[in-house]
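# Fold and geometry: a report
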Amino acid sequence: MWDMITEFEKKAYDDLIAHYWNPSRGNFSFSKNEKVSSPSITTACIMAIKGYGAEGEKWIKKNRGKIKDYYLTDYPWMDAGKHYQNVMAMSFGLIGLDILEAQNKKIKLECINFLKEQQNEDGGWSFTKMYSENSHPYFTYWALKALIANEIVDETWENHILPALEYCLGTIRSHATHPTTYLMIRHIIKIIQESFHVFIDEKLEKRIKNIPIYKIERHQYQTGAWKPEPAVINSAYFRKSIFSLKNMYFLSQLDERLVSDKYQKMLNWIEKNYLNPGWPSDSEASSIGVSWTTAYILMGLTSYKNALKLYLED
């Protein structure tokens, strides 16, 4: 298993840099043929590359200036094909600047204020209030990741993080049959708990401790992929393969049962669906590998390998 993980990690890392990276633009393309990009795509790629280890850190350091220029010149950030600002693009843009350690206070403040303004009354976020005011954990996850990476202060906790935590605690039961969404909620609650521990009292700590643990393995197919759940926006990003890879990423950070056949099934699924270069957004329909899925392959594998290493050492 370890050898398979290492092999696929290297394939994913090499493919991102060799086939999706645009050195002249400082960003990553959606696919080898489609040169369209966005902060969401580029940030997913640099998150994966940075997590790869010393080699990835060295690559980020070498290309930091080019990528930073892309983020700053492309601002205000919008998703590929979308001509308006939205929670996804702004969240990934903020996370990207944090990874690059870019110090642009004006843009960061504008983005933080945008995310705060876009927060719904129930404490969650949607793609954009212009699109819908129905919150979804997916957008809430990334908005919170962006805020936590850039602003841990009393006002943020009281007015934004605590309402979002209440939203997550209140919605997790309704996503018991949606593995990726359920795991994202669990993971962001864990991040909030670690980042804002000084603000969490005993009553709230007890509620977090009592989060229900669902048997999400029942939703995994024999092929190793995971049962798709309702898409949150109409996009190829939310089809079967991306759900599978996100499950691997979040499982490896949350699930203690690291040595189990579900991971081997996922590795077999990864091997079967490799397209040279990359992996598809939809394993049943697409014959083209895309950077977004390939980045999640790398994040999932690296995260799992690190967790497995700690597990074996214990």
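Residues numbered from 1 in each chain as written. Predicted model: local features only at pLDDT ≥ 70, side-chain atom pairs only at ≥ 80, totals over all residues. Heavy atoms only, no water.

Here the focus is the overall build of the protein chain. A count of helices and strands for the protein chain gives twelve helices and two strands. The order of helices and strands in the protein chain, counted from the N terminus, is α-β-β-α-α-α-α-α-α-α-α-α-α-α. Taken over the C-alpha trace, the protein chain has a radius of gyration of 19 Å; the compact-globule value for 314 residues is 20 Å, and the two agree within 12%. The C-alpha extent of the protein chain, read off along each of the three principal axes, is 45 × 45 × 40 Å. Looking at the protein chain as a whole, 58% of its 314 residues qualify as buried. Taking contacts inside the protein chain between residues at least 6 apart in sequence as the whole, the part at least 24 apart equals 69%. Accessible surface, the protein chain as shown: approximately 14,100 Å² in total, 49% of it carbon and sulfur. (Helix = DSSP H or I, 4+ residues; strand = E, 2+ residues; numbered from the N terminus. Rg over C-alpha atoms; globule rule 2.2 N^0.38 Å. Buried < 20%, exposed > 50% of the residue type's maximum accessible area, 1.4 Å probe, protein only. Contact = heavy atoms within 4.5 Å. Areas by Shrake-Rupley, 256 points an atom, 1.4 Å probe, with all protein chains shown as cover.)

All told, the structure shown has seven salt bridges when counted by the stated rule. Between Glu 7 and Lys 11 there is a salt bridge whose closest N-O contact spans 3.7 Å. Linking Glu 7 with Lys 11, this pair stays in helix H1 (residues 2–20), spanning four residues, or about one helical turn. A relative accessible area of 40% places Glu 7 in the partly exposed class. The partner of Glu 166 in a salt bridge is Arg 207, with the nearest N and O atoms 3.0 Å apart. Here Arg 207 lies in helix H9 (residues 202–209) and Glu 166 lies in helix H7 (residues 154–171), a separation of 41 residues in the sequence. Take Glu 166: its relative accessible area is 35%, and that puts it in the partly exposed class. (Salt bridge = Lys/Arg side-chain N within 4 Å of Asp/Glu carboxyl O.)

With that out of the way, let us pick up helix H8 (residues 179–195). With 17 residues, H8 extends 24 Å between its outermost C-alpha atoms, agreeing within 8% with the 24 Å of an ideal straight helix rising 1.5 Å per residue. With 13 of 17 residues buried, H8 is to be regarded as a mostly interior element. (Expected span 1.5 Å × (residues − 1).)

On to the layout of surface pockets. Approximately 510 Å³ is the volume found for the largest pocket. Every residue lining the largest pocket is counted, 20 residues in all, and those nearest its centre are Met 47, Lys 145, Tyr 249, Gln 253 and Met 299. Contributing elements (two or more residues each) for the lining of the largest pocket: helix H2 (39–51), helix H4 (87–100), helix H6 (137–150), H8, helix H10 (240–254) and helix H12 (291–313). Its residues placed into classes, the lining of the largest pocket shows nine nonpolar, six polar and five charged. (1 Å grid on protein atoms, 1.4 Å probe; cavity = no way out; pocket = protein on both sides within 12 Å on 5 of 7 lines; lining within 4 Å. Points joined across faces, edges and corners; volume = space filled by probe spheres on them. Nonpolar A, V, L, I, M, F, W, Y, C, P; charged D, E, K, R; others polar.)

Here Asn 27 lies in strand E2 (residues 27–28). Placed 18 residues apart in sequence, Asn 27 and Cys 45 show a C-alpha to C-alpha distance of 9.1 Å. Setting aside anything within four residues of it in sequence, one finds Asn 27 in contact with Tyr 20, Trp 21, Asn 22, Ser 37, Thr 42 and Tyr 70.

A word on the packing of aromatic side chains. Taken as a whole, this structure holds 20 aromatic pairs when the rule is applied. Each ring, one from Trp 21 and one from Phe 28, has its centre 5.1 Å from the other, and the planes form 45°; the classification is tilted. Assigned by exposure class, Trp 21 and Phe 28 land together as buried. Put simply, the rings of Phe 92, Tyr 141, Trp 142, Trp 292 and Tyr 296 touch in pairs and so form one group of aromatic residues. (Phe/Tyr/Trp six-rings, centres within 6.5 Å; stacked < 30°, edge-to-face > 60°.)

Let us now look at the packing of H1 against H12. H12 packs onto H1 with a crossing angle of 145° between their chain directions and a minimal axis gap of 9 Å. As H1 packs across H12, the resulting crossing turns out to be left-handed. Seen from H1, the contacting residues are Trp 2, Ile 5, Thr 6, Phe 8, Glu 9, Ala 12, Tyr 13, Asp 15, Leu 16 and Tyr 20; seen from H12, they are Ser 291, Thr 294, Ala 295, Ile 297, Leu 298, Leu 301, Thr 302, Tyr 304, Lys 305, Leu 308 and Lys 309. Residues of the contact of H1 with H12, tallied by class, amount to 13 nonpolar, four polar and four charged. (Axes fitted to C-alpha atoms, helices over the stretch in contact; angles between N-to-C directions. Left-handed = near helix turned anticlockwise from the far one by under 90°.)

Structurally, a disulfide amounts to a covalent bond that connects the sulfur atoms of two cysteines. Under the criterion given, the structure shown has zero disulfides. Not engaged in a disulfide, the cysteine Cys 45 finds its nearest cysteine sulfur in Cys 111; these two sulfurs lie 19 Å apart. We classify Cys 45 as buried; its relative accessible area is 0%. (Disulfide = S-S within 2.5 Å.)

The next thing to look at is the nonpolar core. Counting residues in each nonpolar core, the largest one holds 98 residues, and the members touching the most others are Leu 16, Phe 28, Trp 77, Leu 115, Trp 125, Trp 142 and Ile 270. With ten residues, the single largest contributor to this core is H4. (Core = buried A, V, L, I, M, F, W, Y, C linked by side-chain atoms within 4.5 Å.)

On the surface, a nonpolar cluster with roughly 310 Å² of combined accessible area is contributed by Trp 2, Tyr 311 and Leu 312. Relative to the assigned elements, Leu 312 resides in helix H12. In this structure Leu 312 comes out as exposed when scored by relative accessible area, which is 55%. (Patch = residues over 30% accessible without salt bridge, like charges linked within 9 Å, V, L, I, M, F, W, Y side chains within 5 Å.)

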